Amino acid sequence: MSKVKADDRVVLHYTGKLSDGQVFDSSVNREPLEVKLGEGSLIPGFEKGLLDMAPNEKKTIVIAKEEAYGEKRKELFQTVNKSDLPEDLKVEVNMALMATNADGSEKQLRVAEVNENDIVVDANHPLAGEDLTFDLELVAIK
């Protein structure tokens, strides 16, 4: 029976959970994920967890934040003056905002703090600083 190795294309179902058991993403009620290993589209710990799995195998892996999205980085927090925001925008903590970079690309931000004259935005990945648990089910190796 074949097992997953580096550079394989795999089809799998997954459910991602935080340390407290809260589900943040799952493919269970939709099409399974199809991905080629080694392309950098998966976090390192997720990809490592798939290695040596056989089709129809199920397992649970725990990925330390260092093998996921890393620690929250303080330099990715920025203070923005409320006068620089659209007047009709009512900002709230945890609200998602989009910023346009100088090159025209967009970056998703999260409002971390709302003060009288400014807000603090967080450009870290929403799962940065979190250890993650994934329930995996390998559907196929292509």
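Residues numbered from 1 in each chain as written. Predicted model: local features only at pLDDT ≥ 70, side-chain atom pairs only at ≥ 80, totals over all residues. Heavy atoms only, no water.

**Q** Explain the environment of Val 11 here, please?
**A** Along the chain, Val 11 turns up in strand β1 (residues 9–18). A residue is classified by how much of its surface remains accessible, and Val 11, at 8% relative accessible area, is buried. Along the sequence, Val 11 and Asp 135 sit 124 residues apart, while their C-alpha atoms lie 14 Å from each other. Those residues in contact with Val 11 that sit more than four places away from it in its chain are Pro 32, Leu 33, Glu 34, Glu 137, Leu 138, Val 139, Ala 140 and Lys 142. (Helix = DSSP H or I, 4+ residues; strand = E, 2+ residues; numbered from the N terminus. Buried < 20%, exposed > 50% of the residue type's maximum accessible area, 1.4 Å probe, protein only. Contact = heavy atoms within 4.5 Å.)

**Q** How do you make sense of the pattern of salt bridges when you look at a structure like this?
**A** Should their charged atoms come close, side chains of opposite charge can pair. If you walk through the whole model with that rule in mind, you get ten salt bridges. Put simply, Lys 5 and Asp 8 hold a salt bridge, and the shortest N to O gap is 3.2 Å. Salt bridges sharing common partners tie together Arg 9, Glu 34 and Lys 142. (Salt bridge = Lys/Arg side-chain N within 4 Å of Asp/Glu carboxyl O.)

**Q** It is not clear to me how the sheet that holds strand β7 (residues 106–114) should be interpreted in this structure. Could you clarify?
**A** The strands that make up a sheet pair up through hydrogen bonds in the backbone, lying either parallel or antiparallel. In space, the four strands of this open sheet follow the order β5-β8-β7-β6, with antiparallel pairing throughout. Looking at which strands have only one partner, the edges of the open sheet turn out to be β5 (77–81) and β6 (96–100). The mean angle between the axes of side-by-side strands here comes to 45 degrees, regardless of whether they run parallel or antiparallel. Looking at chain direction, β7 and strand β8 (residues 118–122) are connected through four bridges and run antiparallel. (Pairing = 2+ DSSP bridges. Axes fitted to C-alpha atoms, helices over the stretch in contact; angles between N-to-C directions.)

**Q** I would appreciate a short explanation of the nonpolar core in the present structure.
**A** What tends to happen in soluble globular proteins is that the nonpolar side chains get buried as a cluster. Among the nonpolar cores identified, the biggest contains 20 residues, and Val 10, Leu 12, Phe 46, Leu 50, Phe 134 and Leu 136 are the most heavily contacted of them. With residues near it in sequence (within four places) discarded, Leu 50 still touches Val 4, Val 10, Leu 12, Leu 37, Leu 42 and Leu 136. Ranked by size, the runner-up nonpolar core spans nine residues in total, among them Val 80, Val 91, Val 111 and Ala 123. (Core = buried A, V, L, I, M, F, W, Y, C linked by side-chain atoms within 4.5 Å.)

**Q** I'm lost on the pairing of strand β2 (residues 23–26) in this one. Help?
**A** In the case of a regular strand, side chains alternate between the two sheet surfaces. Where β1 meets β2, three bridges bridge the pair, whose relative direction is antiparallel. By the bridge assignment for β2, Thr 15 is matched with Ser 26. Two successive antiparallel strands, β1 and β2, enclose a turn made up of four residues, where Gly 21 displays a positive phi of approximately 95 degrees.

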